[in-house]
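# Tertiary structure, described
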Amino acid sequence: MTPAPVRRLARIARFGARVPKVPTYATAFQDIGPAAIKFGQALATRPDLVGPEAAKDLQRLQDRLPPAPFEQIRASIEQALQGPLEKFFSEFDLEPVGAASIAQVHRAVTTEGVLVAVKVLRPNIEEDFARALDTYEWAAARVESMGGEAARLRPRLVVAHFRQWTMRELDLRREAASASELREAMVAESGFFVPEIDWSRSARRVMTLEWIDGIKLTDREALVEAGHDLKALAATLVRAFLRQAVVDGFFHADLHQGNLFALPDGRLAAIDFGIMGRVDRQARLWLAEILYGLITGNYRRVAEIHFEAQYVPPHHSVEEFATALRAVGEPIRGLPVKEISVGQMLDGLFTITRDFDMPTQPHLLLLQKTMVMEEGVATDLDPDINMWETSEPFLREWIRSELGPEARLADEIVRNVRTLRKLPELIRRIDHYYPPPGAAPPGAPLRDVLVVQPRRYGRYFVTAALSAAAGAAAMFLLA
């Protein structure tokens, strides 16, 4: 899908370089820096986009990067927890069980005898990310200054959102809080497990959480040997993501295979809660209606929502936008993912955004990126999965509960009650700005009286004298 001029430029740029027959994409992303590694992790979930061999190579970025020396890790832990390592852990494995772009994880046993996983930030990771983000901001500003299509994509705003996500991920206390919040929210989803946080052994650069005995989704052969139902795992992943994004509005935004485990009892467990996304209620309602409209072929309603949300400028036609959506949606509706031409679909979607002047919505990028990753992981588990059919029962039930007559009546009651509760304060404000009249009776009406003021010429004389003096002084200086 790369444009021909870009391919020619790439060939010229690598003239004379030693290019391996099989590109090592993971090594290339690793050499660029930690921010690029995050992009490579996302691509690893989509073999339909980058090819099976490239996706397999990119999976190394998820948890198999070269680890930092243990002495540096030990120093980070002791500084963060303000005490020697032996004070908190009776056993601590020197070799990490996983090392990714920002942190690495070690297996340990607490002094109380509890098996835990200890996540530690890499040394100097904050400085590395700061340099990378400065570079991206510079590049985004140059691209956006070109105007036209580049400005519509709003690269500066995209990089600004990426900076927010990254700064959040570099504070493991916030990651621990996110894990705790997600664990509480996912109680209703029995097939999805979130480990518990050990708050007494967690700080800004260190996080300790419950150990998970499971098989990573990267190891498909081990999953099959252990007797896991891969179709059930894929369905659980889709349902768990929909519950997080659509029902709760708080979702795990880094759902690649390296962060997901199949537990012996068939549940799906997640780790790495550094990147989390939030969606407000109105946006969730729009999202659910859009997905359900695409499933059922109600393109007119999907188009209306895009105009209601102001994703499409109002000078365009709702009917024309609905027709454009139909042109992309009908060829893929009802098909398993493996039969969908991703290239054609993306080309159609990009054409729609360009033809209808749709600017990039940075606040939705995290959700869109996660949906792409989640679909890729689910498809890897079950190539025959139909994402629409898997999502439809869940979305239908939620839309019925949120947009049905009972929900509308409940929302109206809540709004009216909140309005009534504001009335006393509103009356007090009116009374403050418009106090009642005092005890004295109103005065008698006054007649209009014409007052004649004598003319005063003194100020005119003073002004003229000062002006003459200033003019004379100026002439003297010029002479």
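Computed from a prediction, not measured in an experiment: that's the story for all the values here. As a convention, each chain's residues are numbered from 1 in the sequence order in which they are written. The predicted nature of this model means local features are confined to residues of pLDDT at least 70 and side-chain atom pairs, given and counted, to a pLDDT of 80 or more, with totals for whole chains, interfaces and linings taken over all residues. As a rule here, side-chain values cover all heavy atoms of the structure and leave hydrogens and water aside.

## Notes on the side chain of histidine 306
- Secondary structure counts use DSSP, requiring at least four H or I residues in a row for a helix and at least two E residues in a row for a strand, with both numbered from the N terminus. Tracing the sequence through the fold places histidine 306 in helix α15 (residues 299-308).
- Not counting chain neighbours up to four residues away, the residues in contact with histidine 306 comprise Ile290, Tyr311, Val312, Phe321 and Met358. Here, two residues are considered to be in contact whenever any of their heavy atoms come within 4.5 Å of each other.

## Some thoughts on the nonpolar core
- Residues Leu217 and Leu260 are the most contacted members of the largest nonpolar core, which totals 62 residues.
- Tallying contributions element by element places helix α13 (residues 230-248) first for this core, with 10 residues.
- Other than its neighbours up to four places away in sequence, leucine 260 contacts Ile215, Lys216, Leu217, Leu237, Leu255, Leu268, Ala269, Ala270 and Val377.
- Within the second largest apolar cluster, 20 residues are counted, among which are Ile305, Val318, Phe321 and Val328. Here the nonpolar core consists of buried residues drawn from Ala, Val, Leu, Ile, Met, Phe, Trp, Tyr and Cys, with membership extended through side-chain atoms lying within 4.5 Å. Only protein chains enter the accessibility calculation, which uses a 1.4 Å probe; a residue is then buried when its area is under 20% of its type maximum, exposed when over 50%, and partly exposed in between.

## Some points on the pattern of salt bridges
- One speaks of a salt bridge when a side-chain nitrogen belonging to Lys or Arg is within 4 Å of a carboxyl oxygen belonging to Asp or Glu. With the rule as written, the count across this model stands at 24 salt bridges.
- Here glutamate 189 makes a salt bridge to arginine 243, at a shortest N to O gap of 2.8 Å. Here arginine 243 lies in helix α13 and glutamate 189 lies in the loop between α11 (172-185) and β5 (192-193), a separation of 54 residues in the sequence.
- One salt bridge connects glutamate 304 with arginine 300, and the closest N-O pair in it is separated by 2.8 Å.

## Comments concerning the packing of aromatic side chains
- Stacked, edge-to-face and tilted labels apply to pairs of Phe, Tyr and Trp rings (six-membered ring for Trp) whose centres lie within 6.5 Å, assigned for plane angles under 30 degrees, over 60, and everything in between, in that order. One pass over the structure, following the stated rule, counts five aromatic pairs.
- On the numbers, 5.9 Å between centres and 45° between planes, the contact of phenylalanine 70 with phenylalanine 92 is tilted. Taken together, the residues span a long stretch of sequence, with phenylalanine 70 in helix α7 (residues 70-81) and phenylalanine 92 in strand β1 (residues 89-92) at a distance of 22 residues. Pair check on accessibility: phenylalanine 70 and phenylalanine 92 agree, each one buried.
- Judged by centre distance (6.1 Å) and plane angle (80°), the ring pair of phenylalanine 307 and phenylalanine 321 falls under edge-to-face. Pair noted here: phenylalanine 307 is in helix α15 and phenylalanine 321 is in helix α16 (residues 318-329), with a separation of 14 residues, a long-range link. You'll find phenylalanine 307 and phenylalanine 321 in the same group, each marked buried.
- Following the ring pairs from residue to residue traces out a cluster consisting of Phe70, Phe89 and Phe92.
- Criterion for a charge above a ring: Lys NZ or Arg CZ within 6 Å of the ring centre, and within 35 degrees of the ring normal. Above the plane of the ring of tryptophan 211 lies arginine 107, whose end atom (NZ or CZ) is 5.7 Å from the centre.
- Lying across the ring of phenylalanine 89, arginine 201 places its NZ or CZ 5.9 Å from the centre.

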